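Topology and contacts: notes
The chain contents come next:
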Amino acid sequence: MPDRVRTKVSKSIACRRCHARKVKCSGGVPCSGCRQADKVVDCVYPRKARLVKVSEQYIEDLVSENQRLRRSSSRPVNEEPAALPTVSVLAEAPWFVNAAALSTPILVAEASDLAFATRFRQAMSDGQHGHLARVNFPSDEQLLALADAECLWPTPARARLLVRAATNGLCQCYHMVRRSSVLHELECAIQSQSQSQPQIGLRSKSKLWVMFAIGEMYTTRNSTRERVFPGLHYFCKAMNALRIVSERPSVDMVELHLLLSVYSLFLNRRHTAYTLAGAAVRLATIMGLHLNIPETQLRDAGEREHRNRIWWTAYTLERMWAAKLGYPPAIEDNAIEVDLPSNLVGLDDNSTLDFPDHAYFIARIGLARLSSRIIHSIYGHKADEPSLSRRVQDAFGDLRGWLKGLPPALQIDAREEGSLEPKVRSLHLLFNQLAIIATRPILLHVLRAQLEARSQQPPAEATIPASATALSETCTRCARHSVRLLTDSWTNGTFTIFDYFYTQYLFSAATVLGISTLLDRKERQCDEEQFEVATGFLLQLQDSGNYAAAEFYQHIEAALGLMETTKARLGERGVLQRDTMDVLAAFAGNGSSLETTSAAVGDFMTAGTALSEPLLQELLSQPLPDLEFIDSSMYLGEQQGFYWPGTML
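Structural notes, computed from the coordinates. (Residues numbered from 1 in each chain as written. Predicted model: local features only at pLDDT ≥ 70, side-chain atom pairs only at ≥ 80, totals over all residues. Heavy atoms only, no water.)

Observations concerning the overall build of the protein chain
- When helices and strands are tallied, the protein chain shows 25 helices and two strands.
- Here the protein chain holds 649 residues, and the buried ones make up 53% of them.
- Sequence separation of 24 or more characterises 77% of the internal contacts of the protein chain that already satisfy a separation of 6 or more.
- Carbon together with sulfur atoms contributes 53% to the accessible area of the protein chain, which is approximately 29900 Å² in total. (Helix = DSSP H or I, 4+ residues; strand = E, 2+ residues; numbered from the N terminus. Buried < 20%, exposed > 50% of the residue type's maximum accessible area, 1.4 Å probe, protein only. Contact = heavy atoms within 4.5 Å. Areas by Shrake-Rupley, 256 points an atom, 1.4 Å probe, with all protein chains shown as cover.)

Shown next, in the form of structure tokens:
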């Protein structure tokens, strides 16, 4: 113990010799009494148990290390260590993070993009990096203060502009309101500003408030870094309608919940968005929107179609939010009996604008249905589930089936990618995202195996099965395609600054490409360039006030330094790996040549999706016993139940 600490202790504690002689101790080491009596060796102070504050992470690390040492010491001496990563790709136990302001931890679902980004950093640092704090969203206190503050109704011209912007931005991809109805409500509200007209109802007014908020978000082009997020004051006014849960829900209330949910996502309050979308589904269930209403009870064909489309929008958004967070859906598919959207005939012009072609909405419903199925299958932890290889095959079979049934008008031709309709681009970005979610655990496992093999002395070549290599390459190709679609949207001006969906797809693809830059592939330089483009976009979005981009770029920044360190450790050529073309050609068997394989890969690049590659379809159409090696490594015990103090989700 240092002298300065002992001197401090001696002020309140006598040494044992002075205590036994019942004389006053001067303190110090040795004390004056022991020094004068030439009893320096006997000048010993009693130990005092002191309470020392340590972080919970420190305790968890000690427990984890203790468990690891016990497992390693219990292995027989002659047993060979398994050639698997030392840290699991996915943890078997649920992953929780402590929130400093709460009394209970918050779940971090392994299927989420941020959890994967954390796993990526851990792969490069032997598990030394924890989950980053979530701070990039408006606080509850800020929203409550704005809800009680005065907010002026916009002028008639401004109000019409904002509502038109909201309907044009949202109604292309989602049926949340009937365009003709909301425009009629707006005109009634404008007229009611004069004393001669009655005030509109609370629900209609709240719906218009949130439409103003969404419209302002879509029409804002300049940076908001130093001011309030566009439309936030309108949004807070609209939230006032939810202070009392309606005992008799209406279609208006479902619409309001959906609009509030979408704007909450723009604010990066994704837990709020998930909650509001789930509430919309439950309100719709109470009303029976998940069932067909007899024509005798509702003769208006337009209203019946509106009910159907509102239900499927609530279903789609809730499933999409659940997929982004990795959480379970609010309703099972087997409880839904309502018809899919349809094209109505004999409607007037206004009603025709209310109900665009149904094919797009049916395609998005199909992807929403697949999203929960894929996440439950790939990231589920039930013991009776089939092997990972079987689950991956099933997921890709479902995605290929969806792609095969896509109408020609919704398919992508690479020659026209730069001029795609926003709804078609959005549809394929969601498709790519689901393919990425299904395969990125395998990509991460390939990286871990490569890093472990390269760290050996002398460096070795990792043994990666052909199936794992092909699936990891598919993940990377989907990320490349997403970045290309997003870059086209950015350059042609259709990338909205505060849009959450495109921002999230950008981050998800960038993380995958970041991993690809650590693997020695022919496309490595291209991946490095696309990674740089994607991260550059995220930085610009962050500087413009995009809350989600600020959080995502925080994860990118945390990974950049580790990536440079890892590349330096691996050397200029990176990790040893057989070329993907050779792997696929070898796997194809039955006489497939390298030229045929290259042509197939080229066909994929023009088709715009990795799943159309013939060799990959052949690979996934048969059992994959060589993928079983991943099954045992997906759920190791070193990272069961993470808890990090002082972080908020």
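Digging into unusual backbone geometry
- Despite not being glycine, Asn268 has its phi angle at roughly 65°, a positive value.
- Given the relative accessible area of 0%, Asn268 is considered buried.

Considerations on the pattern of salt bridges
- Considering all chains together, one arrives at 23 salt bridges under this definition.
- A salt bridge links Glu473 to Arg480; the shortest N-O distance between them is 3.1 Å.
- A salt bridge links Glu528 to Arg524; the shortest N-O distance between them is 3.5 Å. On the criterion of helical spacing, the pair formed by Glu528 and Arg524 is a turn pair, its members being four residues apart in helix H20 (residues 524–543).
- Residue classification places Arg524 among the buried positions, given a relative accessible area of 12%. (Salt bridge = Lys/Arg side-chain N within 4 Å of Asp/Glu carboxyl O.)

Brief notes about the packing of aromatic side chains
- With the rule as written, the count across this model stands at 23 aromatic pairs.
- Ring centres 5.3 Å apart and planes at 20° place the aromatic pair Trp402 and Phe431 in the stacked group. Placement of the pair is Trp402 in helix H16 (residues 388–404) and Phe431 in helix H17 (residues 422–454), with a sequence separation of 29 residues. Each member of the pair Trp402 and Phe431 is classed as buried.
- Ring-pair connections join several aromatic residues into one group, and the members of that group are Tyr174, Tyr218, Phe229, Phe235, Tyr263, Phe266, Trp321, Phe498, Phe501 and Tyr547. (Phe/Tyr/Trp six-rings, centres within 6.5 Å; stacked < 30°, edge-to-face > 60°.)

Section: the packing of helix H11 (residues 251–266) against helix H13 (residues 301–325)
- Across the interface, H11 lies against H13 with an axial gap of 11 Å and an inter-helix angle of 30°. On the basis of their axis angle, the class for H11 and H13 is roughly parallel. The element H11 and its partner H13 pack so that their crossing is left-handed. For the pair formed by H11 and H13, the contact residues are Val251, Val254, Glu255, Leu258, Ser261, Val262 and Leu265 on the first element and His306, Arg307, Ile310, Thr313, Ala314, Leu317, Trp321 and Lys324 on the second.
- Its residues assigned to classes, the contact of H11 with H13 comprises nine nonpolar, three polar and three charged. (Axes fitted to C-alpha atoms, helices over the stretch in contact; angles between N-to-C directions. Parallel < 35°, antiparallel > 145°, perpendicular 65-115°, else oblique. Left-handed = near helix turned anticlockwise from the far one by under 90°. Nonpolar A, V, L, I, M, F, W, Y, C, P; charged D, E, K, R; others polar.)

Here's the deal with the nonpolar core
- One finds Phe212, Tyr263, Trp311 and Trp321 to be the most contacted residues of the largest nonpolar core, which totals 161 residues.
- At 18 residues, the largest contribution of residues to this core is made by H17.
- Residues contacting Tyr263, with those up to four places away along its chain left out, are Ala213, Ile214, Met217, Phe229, Pro230, Gly231, Leu232 and Phe235.
- Membership of the second largest hydrophobic core comes to seven residues, among which are Cys15, Cys25, Cys31 and Cys34. (Core = buried A, V, L, I, M, F, W, Y, C linked by side-chain atoms within 4.5 Å.)

Remarks on the side chain of Arg319
- With respect to the helices, strands and loops of the structure, Arg319 is situated in helix H13.
- Look past the residues within four positions of Arg319 in its chain and what remains in contact with it is Pro329, Ile331, Glu332, Asp333, Ala368, Arg369, Ser371 and Ser372.

Description of the state of the cysteines
- This model, assessed by the stated rule, comprises zero disulfides.
- Looking at the unpaired Cys25, the closest cysteine sulfur is the one in Cys31, lying at 3.9 Å.
- Here Cys478 is not disulfide-linked; the sulfur of Cys475 is the nearest cysteine sulfur, at 7.0 Å. (Disulfide = S-S within 2.5 Å.)

A short note on H13
- Over its 25 residues, H13 extends 36 Å from the first C-alpha to the last, a length consistent with the 36 Å expected when each residue adds 1.5 Å.
- Where burial is concerned, most of H13 is hidden: 23 out of the 25 residues are buried.
- N-capping of H13 is provided by Asp300, with a side-chain oxygen placed 2.8 Å from the backbone N of Gly302.
- Within two residues after H13, Gly326 carries a phi angle of roughly 80°, on the positive side. (Expected span 1.5 Å × (residues − 1). Polar contact = N/O pair within 3.5 Å; in protein donor to acceptor, adjacent residues only side chain to side chain.)

Topic: the packing of H13 against helix H15 (residues 358–379)
- Where H13 meets H15, the closest approach of the two axes is 9 Å, and the angle between their N-to-C directions is 35°. Here H13 runs over H15; the crossing is left-handed. Of the residues in H15, those touching H13 at Arg309, Trp312, Tyr315, Thr316, Arg319, Met320, Ala322 and Ala323 are His358, Phe361, Arg364, Ile365, Ala368, Arg369, Ser371, Ser372 and Ile375.
- Taken together, the residues that form the contact of H13 with H15 break down as nine nonpolar, four polar and four charged.

Focus on H20
- Taking 1.5 Å of rise per residue, 20 residues should cover 28 Å, and H20 covers 28 Å from first to last C-alpha, within 8% of that figure.
- On its buried side, H20 packs onto helix H18 (466–491), helix H19 (500–516) and helix H21 (547–570).
- Looking one or two places after H20, you find Gly545, whose phi comes out positive at around 100°.

By themselves, these are just geometric observations and shouldn't be taken as functional.
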